[in-house]
Amino acid sequence: MGDPSRRIAASPGSHGGSFSPIAWRATSGGDCLWFSPEWTALTGQAATDSQGIGWIACVHPDDRGRLLEAWRRARTGRVFTADLRIRIARDGSYRWFRTQALPTGDAPQVADGWAGHAIDVSDLYDRLEGEATLRATLHHRIRNTLAVIRSIARRTAENSETVEDYRNHFDGRLGAFARTQSHIMRTGVEGVDLEGLLADELLAHQVGGRVTYSGPEARLPPRIADQLGIALHELTENAMQHGALSREHGRLEVRWWITGDTPDRLLHIDWREDDPDGGFVAPDTEGFGLELLTRSLRYEVDADVDIVFADHGFACTIRLPFA
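Residues numbered from 1 in each chain as written. Predicted model: local features only at pLDDT ≥ 70, side-chain atom pairs only at ≥ 80, totals over all residues. Heavy atoms only, no water.

Draft legend 1. Region of the structure containing empty space enclosed by the protein. Throughout the structure, instances matching the rule amount to two cavities of 30 Å³ or more. In this structure, the largest cavity occupies an estimated 120 Å³ of space. W24, F35, W39, W55 and T99 are, among the 14 residues lining the largest cavity, the residues nearest its centre. Put simply, the parts of the chain that give the lining of the largest cavity at least two residues each are β1 (22–27), β2 (32–35), β3 (80–87) and β4 (94–104). If you tally residues by element for the lining of the largest cavity, the top one is β3, at three residues. Residue composition of the lining of the largest cavity, grouped by class: 12 nonpolar, two polar and no charged. Looking at the second largest cavity, its volume works out to about 50 Å³. (1 Å grid on protein atoms, 1.4 Å probe; cavity = no way out; pocket = protein on both sides within 12 Å on 5 of 7 lines; lining within 4 Å. Points joined across faces, edges and corners; volume = space filled by probe spheres on them. Helix = DSSP H or I, 4+ residues; strand = E, 2+ residues; numbered from the N terminus. Nonpolar A, V, L, I, M, F, W, Y, C, P; charged D, E, K, R; others polar.)

Below, the structure written as structure tokens:
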């Protein structure tokens, strides 16, 4: 029948781990007879200490039950396989090893003993864990996206007088939200660039040269980007329809800065519209935009918002935690 450990060592992918494969032999009952030198190099356990069941001291306590169950299955299935976490001597951490063995001896029904290898598969487990985290993140993003869209639809309906009014405002807000999602998907864990988010919104409204903006790099996590994307849309839309950008001499300046140290940093956004001709008037009622700025931002991202209507302009200052 040949040496079963050689057949296992030659199996595809067995040398793909960070540590060299470990050969081993055991009695028919599972007591260790011998480990290759790689075991001692990995675990720091002396050869004499690994004999019998001594090697189990290097197995993660939570995996020892899985090990016993694998031995029970092997007695009838004639193949031993188990994924175990083995303690590493150099730093006390654990790495995943896929341990496999076949029976030795010539009798097909009786195992004189077992011969096998343990292969480092920690990289595989890390990838699987990363994929699981990604799926959970994606699930959360989908739920959050649907919640935001529902909120936009409901609040737009509450502040619309006609179906046409509803359609126009909802399309604009949904477009702004879609642009924010594009930023989130492109940047991933780096966060959404505030300047890029603002520039896209101004471009979507075809704002000309009467706007200036400046500030340091500010990378927004998705939850904040979702809310600020809609807020910037509402501010821009209002400036185009009723504010400084609807007037011949009106101008808009947007500045942002960051204060404090992690985890107590604050992001400040200062939005100022000016027109030397004056004539700015505060609205009689609180529409979608004002409700978003004064209530939703405070609830969703713990922001403080100050709004000032004056004869010669409009100012909105937003401060929010920026860890």
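Draft legend 2. Representation of helix α4 (residues 64–77) in the model. Here α4 contains 14 residues, and its C-alpha end-to-end distance of 20 Å stays within 8% of the 20 Å for a straight helix at 1.5 Å per residue. Looking only at α4, the buried set comprises L67, A70, W71 and A74. Down the axis of α4, the smallest arc covering the buried residues is 100 degrees, so these residues share one side. In the core, the buried residues of α4 are packed alongside β1, β3 and β5 (113–120). One or two positions beyond α4, positive phi appears at R78, with a value near 65 degrees. (Expected span 1.5 Å × (residues − 1). Buried < 20%, exposed > 50% of the residue type's maximum accessible area, 1.4 Å probe, protein only. Arc of directions from axis to C-beta. Contact = heavy atoms within 4.5 Å.)

Draft legend 3. Representation of the packing of aromatic side chains. Under the definition given, this model contains 11 aromatic pairs. Between W24 and W71, the ring centres sit 6.3 Å apart and the planes meet at 80 degrees, which makes this aromatic pair edge-to-face. Taken together, the positions of W24 in strand β1 and W71 in helix α4 put the pair 47 residues apart, joining distant regions of the chain. Here the two residues W24 and W71 agree in accessibility, since each one is buried. Between W39 and W55 the ring centres are 6.2 Å apart and the planes differ by 75 degrees, which places this aromatic pair in the edge-to-face class. Here the residue W39 occupies a position in helix α2 (residues 37–43), and W55 occupies one in the loop between α3 (47–50) and α4, the gap between them amounting to 16 residues. Across this residue pair, the class does not change: W39 and W55 are buried. Feature note: the residues W24, W71, F80 and W114 constitute an aromatic cluster, connected by ring pairs. The aromatic ring of F288 is capped on one face by R173, whose charged end is 3.7 Å from the ring centroid. The positively charged end of R247 is found above the aromatic ring belonging to F280, 4.3 Å away from the centroid. (Phe/Tyr/Trp six-rings, centres within 6.5 Å; stacked < 30°, edge-to-face > 60°. Lys NZ or Arg CZ within 6 Å of the ring centre and 35° of its normal.)

Draft legend 4. Summary view of the pattern of salt bridges. Under the counting rule described, the total for this entry stands at 16 salt bridges. Residues R247 and D275 are paired through a salt bridge, measuring 3.4 Å at the closest nitrogen-oxygen approach. Of the two residues, R247 sits in the loop between α8 (222–241) and β9 (251–259) while D275 sits in the loop between β10 (266–274) and α9 (288–301), which places them 28 residues apart along the sequence. Residue class for R247 comes out partly exposed when judged on its relative accessible area of 21%. The buried category is assigned to D275, whose relative accessible area is 2%. (Salt bridge = Lys/Arg side-chain N within 4 Å of Asp/Glu carboxyl O.)

Draft legend 5. Region of interest: the sheet that holds β5. Ordered in space as β2-β1-β5-β4-β3, the five strands form an open sheet in which the pairing is antiparallel. Strands with a single pairing partner mark the edges of an open sheet, and in this sheet they are β2 and β3. Here the average twist between neighbouring strands, direction ignored, is 25 degrees. Two strands pair when backbone bridges link them, and β3 and β4 are joined in this way by eight bridges, in the antiparallel orientation. (Pairing = 2+ DSSP bridges. Axes fitted to C-alpha atoms, helices over the stretch in contact; angles between N-to-C directions.)

Draft legend 6. A look at a nonpolar patch on the surface. On the surface, a nonpolar cluster with roughly 280 Å² of combined accessible area is contributed by L138, I142 and L146. By the secondary structure assignment, L146 is in helix α5 (residues 122–158). Using a relative accessible area of 46% as the deciding quantity, one classes L146 as partly exposed. (Patch = residues over 30% accessible without salt bridge, like charges linked within 9 Å, V, L, I, M, F, W, Y side chains within 5 Å. Areas by Shrake-Rupley, 256 points an atom, 1.4 Å probe, with all protein chains shown as cover.)

Draft legend 7. Structural context of the pairing of β9. As defined by bridge partners, strand β7 (residues 211–214) adjoins β9 across four bridges and the pair is classed as parallel. Opposite Y213, over in β9, you have V254 as the bridge partner. Pairing between β9 and β10: nine bridges, direction antiparallel. When the bridges of β10 are listed, E253 appears paired with R272. Once β9 ends, the chain turns through six residues before running back antiparallel as β10, passing G260 with a positive phi of about 80 degrees.

Draft legend 8. Structural detail: the nonpolar core. One finds L220, L267, W271 and I318 to be the most contacted residues of the largest nonpolar core, which totals 45 residues. Every element with two or more residues in this core is listed here: α5, α6 (163–187), α7 (194–204), α8, β9, β10, α9 and β12 (313–321). The element contributing the most residues to this core is α8, with eight residues. When near neighbours in sequence (up to four residues on either side) are disregarded, W271 contacts L198, L232, L235, T236, A239, L252, E253, V254, F314, A315 and C316. (Core = buried A, V, L, I, M, F, W, Y, C linked by side-chain atoms within 4.5 Å.)

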